[in-house]
Amino acid sequence: MTRTDNHIAAANLPLVQGRTETWRLLVPQTVIQTRRLLLRWWRDPLTMVQSLVFPALLLIVLNTVLGKQISTFSGASALYGSVPMVALVGVMSGSLAGAITLGRERDQGLLARLWVLPVHRASGLASRILAEGVRILLCTMVLFAVGMALGFRFEQGVLAGLALFGVPLLYGLGFATLVTAVAVFSAKTALVEAVSLGSSIMMFFSTGFVPLTAYPRWAKPIVAHQPMTYAIDAMRGLSLGGAVRAPLLATIAWSVGAMVVFAVPAAVGYRRASRC
């Protein structure tokens, strides 16, 4: 974001007199800052590539190279594992790109300038949560559209299909809380890059890549109980059919646990980064 964009973003925030820490001001100021974040992400090539282009290309390549072999091995279309997996990859990649953007805003002093404006202090972090949720839903819709073009279908009906979109949303908010805490406490992008490497390893060691039975014995417990596998299995059950309750409850436990553990460090770190 250029200096002119920063001034425009600051100018769009409503100027008020008197007390600013009120619920009445929190909602409109959060909406304005959410719009700023979404526009910035939309104009940022890094975020767009990591959230949409790379996952879509990955899905096409996986389906072209491994789709027939996995379908023959598992007895069902490989798309019912690869499409949910790639949707989660897009969710995580976008969150990582957003964390890098957050670090840049801190280093450029934008967070500090917003902190001294007469706006509700909670609107900054609340807007990031809201913008993250909107980005996750939009990216998930685009990637599932690509999957449907390749042959993916919602076999369990409309309600199950709608519920399916809630899984990456919940998973993504938990992951975003983690990377936000990492980003605001890290002066460099090294830790964010380490989280990116870990998420890539999770992709290859998940049931969305190949069925659980295809992994060696020592890897099966790791693959079966990592959070990405639970989310993929829940989405597979909601689309193709099969177990839903157990993997969905495990996904909720992983995601809510991440929010509980990292929410306070993220809030404290965001406050500290805004006052630097």
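Refer to the structure printed above.
Computed from a prediction, not measured in an experiment: that's the story for all the values here. (Residues numbered from 1 in each chain as written. Predicted model: local features only at pLDDT ≥ 70, side-chain atom pairs only at ≥ 80, totals over all residues. Heavy atoms only, no water.)

S.K.: Hey, could you run me through the overall build of the protein in this one?
M.R.: Of the regular secondary structure elements, the protein holds 12 helices and 0 strands. Secondary structure elements of the protein, listed N to C terminal, follow the sequence α-α-α-α-α-α-α-α-α-α-α-α. When burial is assessed residue by residue, the protein has 47% of its 276 residues classed as buried. In the protein, once contacts between residues fewer than 6 apart in sequence are set aside, the share between residues at least 24 apart is 79%. Of the roughly 13,600 Å² of accessible surface on the protein, a fraction of 70% belongs to carbon and sulfur atoms. (Helix = DSSP H or I, 4+ residues; strand = E, 2+ residues; numbered from the N terminus. Buried < 20%, exposed > 50% of the residue type's maximum accessible area, 1.4 Å probe, protein only. Contact = heavy atoms within 4.5 Å. Areas by Shrake-Rupley, 256 points an atom, 1.4 Å probe, with all protein chains shown as cover.)

S.K.: Looking at this model, I keep getting lost on the packing of helix α11 (residues 227-239) against helix α12 (residues 245-274). Mind explaining?
M.R.: Packed helix pairs are characterised by how far apart their axes lie and by the angle those axes make with each other. Their axes nearest at 8 Å, the elements α11 and α12 cross at an angle of 140°. Judged by the inter-axis angle, α11 sits oblique to α12. The interaxial crossing formed by α11 with α12 has left-handed handedness. Mapping the contact onto sequence places Pro227, Tyr230, Ala231, Asp233 and Ala234 in α11 and Pro247, Leu248, Ala250, Thr251 and Trp254 in α12. (Axes fitted to C-alpha atoms, helices over the stretch in contact; angles between N-to-C directions. Parallel < 35°, antiparallel > 145°, perpendicular 65-115°, else oblique. Left-handed = near helix turned anticlockwise from the far one by under 90°.)

S.K.: Is there a simple way to explain the nonpolar core in this structure?
M.R.: Soluble globular proteins tend to bury their nonpolar side chains together. With 40 residues, the main nonpolar core has Met85, Val86, Leu88, Phe144 and Met228 as its most contacted residues. At the level of elements, α3 (45-65), α5 (79-108), α7 (122-150), α8 (158-185), α9 (190-204), α11 and α12 are the ones that each hand at least two residues to this core. Excluding anything up to four places from it in sequence, Phe144 contacts Val83, Ala87, Phe152, Phe154, Leu164, Phe165 and Met235. Core analysis: the next-biggest nonpolar cluster, separate from the first, contains 6 residues, Ile70, Ala78, Val210 and Val223 among them. (Core = buried A, V, L, I, M, F, W, Y, C linked by side-chain atoms within 4.5 Å.)

S.K.: What exactly am I supposed to notice about the packing of aromatic side chains here?
M.R.: What characterises a pair of aromatic rings is the spacing of the ring centres plus the angle enclosed by the ring planes. Using the criterion set out here, one finds 9 aromatic pairs in the structure. Arranged with centres 5.4 Å apart and planes meeting at 65°, the rings of Phe144 and Phe152 form a pair that is edge-to-face. A relative accessible area of 0% means that Phe152 is categorised as buried. With a centroid separation of 6.4 Å and an interplanar angle of 50°, the aromatic rings of Phe205 and Trp218 are classed as tilted. (Phe/Tyr/Trp six-rings, centres within 6.5 Å; stacked < 30°, edge-to-face > 60°.)

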